[in-house]
Amino acid sequence: YMIITWQGHSCFKIQDKIGPDGITLVTDPFNKDIGLKVPNFEANIITVSHDHSDHNNISALRGTPFIINCAGEYDHQGVLVEGIDSYHDNKEGTERGSNIIYRMEIEDISIVHLGDLGGSLDNSQLEKLAGTDILLIPVGGIYTLDAKTAVEVISQIEPRIVIPMHYQIKDLKIKLDPVDKFIKELGLEPTYEDKLKISKKDLPQEEMELVILNI
């Protein structure tokens, strides 16, 4: 099984198992300016979707992590990661520049982190995201997908589990929409978890599930 823990904003800690021989992958670590507690633990791999300070604070993490901040294919300690070019806005990057989507294969589960994606996806991006099991998607609008566009992207990708990120939470100093707007738009009853612990065989087969992670 694997474990996903949300650190807040777009930062997740993804582990293939607990213990000294486990691999810890961290997505988009943020700095203290955004008001949340900065993640401070050992990481083996860090993915950075774009070079903004609320997504690229790699020095906060301990150890000697393998840093991935460009598109391309990577294989580190048995974890396969593919970075896919995309945009931080819906105007081909003219407003907020580029963004990298990451697809990670851990414990035979395919996890996609959309970073600060700003608009819907094209066919070549979608081809690379076929068969996504768990989708980590920004839903707070203003700088990224809003609730409505997030739902469009979900219907493009068709994941088995959706975990929203990059929305307004307590202490966050960045102004974003709350998650309720997205829950309503998606129309699925969410389950709330402190962490998601799942194996390939536990993935929902029929219906998509919405999981809200507590911080």
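The notes below deal with the structure included here. (Residues numbered from 1 in each chain as written. Predicted model: local features only at pLDDT ≥ 70, side-chain atom pairs only at ≥ 80, totals over all residues. Heavy atoms only, no water.)

## What about the environment of D177?
In plain terms, the rule: The way it works is that DSSP assigns letters per residue, a run of H or I at least four long becomes a helix, a run of E at least two long becomes a strand, and they are numbered from the N terminus. Relative accessibility under 20% of the residue-type maximum defines a buried residue, over 50% an exposed one, and the middle range a partly exposed one, all with a 1.4 Å probe and only protein chains included. In this analysis, two residues are considered to be in contact whenever any of their non-hydrogen atoms come within 4.5 Å of each other. Any pair of N or O atoms that falls within 3.5 Å is considered a polar contact. Within protein, one atom must be able to donate a hydrogen and the other to accept it, and sequence-neighbouring residues count only if both atoms are side-chain atoms.
Within the secondary structure, D177 is located in the loop between β11 (161–165) and α3 (179–186). Overall, D177 belongs to the buried group, its relative accessible area being 17%. A C-alpha to C-alpha distance of 8.9 Å links D177 and H166, two positions 11 residues apart in sequence. Excluding its chain neighbours within four sequence positions, the residues that come into contact with D177 are G140, G141, I142, Y167 and Q168. One polar contact links D177 to K181, side chain to side chain, over a distance of 3.4 Å.

## What to know about the sheet that holds strand β1 (residues 2–8)
Test applied: In this description, strands pair whenever DSSP reports at least two bridges between them. Fitted lines through C-alpha atoms give the axes, limited to the stretch in contact for helices. The angle between two N-to-C directions lies from 0 to 180 degrees.
Spatially, 6 strands are ordered β5-β4-β3-β2-β1-β13 in an open sheet, and the strand pairing comes out mixed. Each of the sheet's edge strands pairs with one partner strand only, and the pair in question is β5 (66–68) and β13 (196–198). Neighbour to neighbour, the strand axes of the sheet diverge by 15° on average, direction disregarded. Note that strand β2 (residues 11–15) and strand β3 (residues 24–27) share 3 bridges and pair antiparallel. If you follow K13 over to β3, its bridge partner there is V26.

## A short note on the sheet that holds strand β14 (residues 209–213)
What links the strands of a sheet is backbone hydrogen bonding, and the strands pair in either a parallel or an antiparallel sense. Taken in spatial order, the 8 strands line up as β6-β7-β8-β9-β10-β11-β14-β12 in an open sheet, and their pairing is mixed. With partners counted over all chains shown, the strands left at the sheet margins are β6 (72–76) and β12 (191–193), one partner each. With direction set aside, neighbouring strand axes in the sheet form an average angle of 25°. Both strand β7 (residues 79–87) and strand β8 (residues 98–106) contribute to a ladder of 8 bridges, which runs antiparallel.

## Concerning the pattern of salt bridges
Note the following rule: Any carboxyl oxygen of Asp or Glu within 4 Å of a side-chain nitrogen of Lys or Arg constitutes a salt bridge here.
Under the counting rule described, the total for this entry stands at 7 salt bridges. Taking the shortest distance from any N to any O, the salt bridge between D133 and K200 comes out at 3.4 Å. Taken together, the positions of D133 in the loop between α1 (123–128) and β10 (134–138) and K200 in the loop between β13 and β14 put the pair 67 residues apart, joining distant regions of the chain. The class for D133 is buried, based on a relative accessible area of 2%. Two residues, D202 and K201, come together in a salt bridge whose shortest N-O distance is 3.7 Å. Under the relative-accessibility criterion, K201 is labelled exposed at 71%.

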